[in-house]
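Structural features, examined
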Amino acid sequence: MRRWPKMPALRPAARRRCGTTWAARGQRRRSPGLQKEEQELAEELGPEAPEGSGSRYRVVRQIGSGAYGTVFEAQDTLEDRLVAIKRVKLENDPVHLRRTLREVALLSRLRGAASIVSVLDIMVPVRDGRFTEVHVVLERCRTDLRKICSTVAGLTMSQVRRILYTTTRGVAYLHSAGVWHRDLKPANCLMYPDCEVRIADFGLARAVGRPPARLPDPDPARPRACPAEQTAGFTVHVCTRWYRPPELLLAQREYSGAIDVWALGCIFAELLQCVETPPEARQGPLFRGDYARRVGGGHLVWPPEAPRAPRDQLDMIFNMIGVPSVAELAELQNQEAVDHVLGFPPRSASGIQAAVPQADEWALDVLRRTLRFSPPDRMTARELLEHRCVAGVRDRQGESLADEVLTLPFEDEPDDIGRLAEYLVHELEHFGAFGRSSKGKGNGV
Ligand SMILES: Nc1ncnc2c1ncn2[C@@H]1O[C@H](COP(=O)(O)OP(=O)(O)O)[C@@H](O)[C@H]1O
Ligand SMILES: [Mg+2]
């Protein structure tokens, strides 16, 4: 009879950080040529792999790592192809658990969508009815845009346009499905040699569609309970600083998918700097701030007596696009944000063109319309697909939009480790991640 795994045995974050958990494994005999982490994964996938893992994948080498997972190249011996395996170690922390949950749930629901990385398989090595990590098998892309921007000798304008177009196609799909990525940056955009991008890393993504209501629809005439301490809107602790739009830097909780469009503009500017320019002559990220002062929610990470940090993220943005107009200020959702912006002295904007001289007329138009202070003033991803800038590289047949808005059943769950872990087991079961035979075909596509 099939044995269902128990709840995951979560690894306390502190213990993992000091490395004690993995000490015993480090003493095992290593295969020649494999580094420690590669060896660890190889052992999980190897012939003596515990229940639930398969030996179908042979680890080749580590190809990437982020704040949260380590990614390996592996040979899929059944399909005779290379794949990427993202190894995520679970931690006893609701934020981390929610990341894993979002990644697993969204990747499995977005399978087959244009310009989104495809999940091929998910495996969970179960020992004694428990699991402490998740292995997500993905299509193996050649590289990512961060590596391109820092190492590739020089891109042509047409390559940059194609990269912009295919990334935008993915964002347009996500937005049509009601999903905001919330962490678009070069390292999360994978790429094939023909400049086809696959958007990856859905740990911070959010499905904004509401799950079917469990309670009857609210009657607008009925008064609504609104506890004082409860704040509407979404968390503002998303997006890597250099790609974070003004509304997040100003802690505006009612934000929209336009945060991804801002990041698209930043990525495009970074790519344009690569046009026929050697890596050492590039400036890198467009807004490379050292600090992002947080306003709202009681977070002030810079002392009040020093009102502006050196190379403050927002300050750098204002240097380039200017301080917001009165009309733009009026759109901010709270006085605290308005006061914060008014603390920045007016200045004449240096302009985007000065920072990205490689941009031609159409590229500049895209930059100006994606890097707007006010989210509603930014073009949408779908409008960008129609823009003259990408007309020459557009492939209409390859574009698609979602049939329906995605909803995730756990989005409104509070940060309760037990509940989130339950949802994770449910998602993994749904994918069929448990109980694979070691040579099984699994869910491979
Ligand atoms: N499918 C893949 N093919 C090739 N490289 C990948 C793939 N997935 C991830 N990578 C590499 O691994 C890095 C980290 O992956 P990511 O999913 O962003 O992890 P994290 O959630 O820790 O940021 C990426 O920046 C990229 O370099
Ligand atoms: Mg990442």
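Counting of residues starts from 1 at the beginning of each chain's written sequence and follows it residue by residue. Here chains are named by letter from A upward and ligands by number from 1 upward, in the order in which they appear as written. In keeping with the predicted nature of the model, local features appear solely for residues at pLDDT of at least 70, side-chain atom pairs appear and are counted solely at 80 or more, and the whole-chain, interface and lining totals rest on all residues.

**Looking at the site of ligand 1**
Quick reminder of the rule: Any residue whose backbone-placed C-beta atom lies within 6 Å of a molecule or strand is treated as near that molecule or strand. Think of it this way: any DSSP run of H or I at least four residues long counts as a helix, any run of E at least two long counts as a strand, and we number them from the N terminus. When residue character is reported, Ala, Val, Leu, Ile, Met, Phe, Trp, Tyr, Cys and Pro are called nonpolar, Asp, Glu, Lys and Arg charged, and the others, Gly included, polar.
Around ligand 1 lies a shell of 22 residues, among which Gly64, Gly66, Val71, Ala84 and Asp201 are the nearest. Looking at the shell around ligand 1, the elements that each hand over two or more residues are strand E1 (57-65), strand E3 (81-89) and strand E5 (133-139). With 3 residues, E1 is the largest single contributor of residues to the shell around ligand 1. Among the residues making up the shell around ligand 1, the classes are represented as 11 nonpolar, 6 polar and 5 charged.

**A few points about the sheet that holds strand E9 (residues 197-199)**
Operational definition: Two strands are counted as paired when DSSP detects at least two bridges linking them. Any pair of residues counts as being in contact when their C-beta atoms, constructed from backbone geometry, are within 7 Å of one another. To get an axis, fit a line to the C-alpha atoms, keeping to the stretch in contact for a helix; angles then go from 0 to 180 degrees between the N-to-C directions.
A sheet is described by the order of its strands in space; here 3 strands give the open sequence E6-E8-E9, paired in antiparallel fashion. Strand pairing shows two members of the sheet lacking a second neighbour, strand E6 (143-144) and E9, which therefore form its edges. Of the strands in this sheet, strand E8 (189-191) and E9 are in contact with helix H6 (residues 157-176), which crosses E9 at around 30 degrees.

**Section: the packing of helix H4 (residues 94-109) against helix H15 (residues 417-431)**
The criterion, for reference: Angles below 35 degrees are treated as roughly parallel, those above 145 as roughly antiparallel, those between 65 and 115 as roughly perpendicular, and all remaining angles as oblique. Note on convention: the crossing is left-handed when the near helix lies turned anticlockwise from the far helix by less than a right angle, right-handed when the turn is clockwise.
Remark: H4 packs on H15, axes separated minimally by 10 Å, with the N-to-C direction vectors making an angle of 25 degrees. Taken together, the axes of H4 and H15 lie roughly parallel to each other. Handedness of the crossing formed by H4 with H15: left-handed. Residue-level inspection shows Pro94, Leu97, Arg98, Thr100, Leu101, Val104, Ala105 and Ser108 of H4 in contact with H15, the latter providing Ile417, Leu420, Ala421, Tyr423, Leu424, Glu427, Leu428 and Phe431.

**Some words on the environment of proline 278**
For clarity, the cut-off: Put simply, a residue is buried when 20 or more other C-beta atoms lie within 10 Å of its own C-beta and exposed when 12 or fewer do; between those, it is partly exposed, and each C-beta is set from the backbone.
Note that proline 278 resides in the loop between helix H8 (258-272) and helix H9 (313-321). Looking at proline 278, the number of C-beta atoms within 10 Å reads 10, which means it is exposed. Sequence-distant contacts of proline 278, that is, excluding residues within four places in its chain, are made with Ala153 and Gly154.

**Focus: the UniProt feature "binding site: ATP" (unreviewed entry) in the protein**
Basically, it comes down to this: UniProt positions are given in the numbering used here, feature names are shortened, and annotations may be inferred rather than shown by experiment.
Under the UniProt annotation, the feature "binding site: ATP" (unreviewed entry) is placed at Lys86. Lysine 86 sits in the buried class, given 24 other C-beta atoms within 10 Å. Setting aside its immediate chain neighbours within four residues, lysine 86 contacts Gly69, Val71, Val136 and Leu138.

**As for the sheet that holds E5**
Strand order in the open sheet formed by 5 strands is E1-E2-E3-E5-E4, with antiparallel pairing between adjacent strands. Where the open sheet ends on each side, the last strands, each with one partner, are E1 and strand E4 (119-123). Neighbour to neighbour, the strand axes of the sheet diverge by 25 degrees on average, direction disregarded. Both E4 and E5 contribute to a ladder of 4 bridges, which runs antiparallel. Looking at the pairing, isoleucine 122 lines up with valine 136 of E5. This element, H4, spans E3, E4 and E5 of the sheet and lies at about 35 degrees to E5.

**As for H9**
Those residues of H9 not exposed but buried are Gln313, Leu314, Asp315, Ile317 and Phe318. Next to the buried residues of H9 lie helix H7 (246-249). Glycine 322 sits one or two positions beyond H9 and adopts a positive phi of about 90 degrees.

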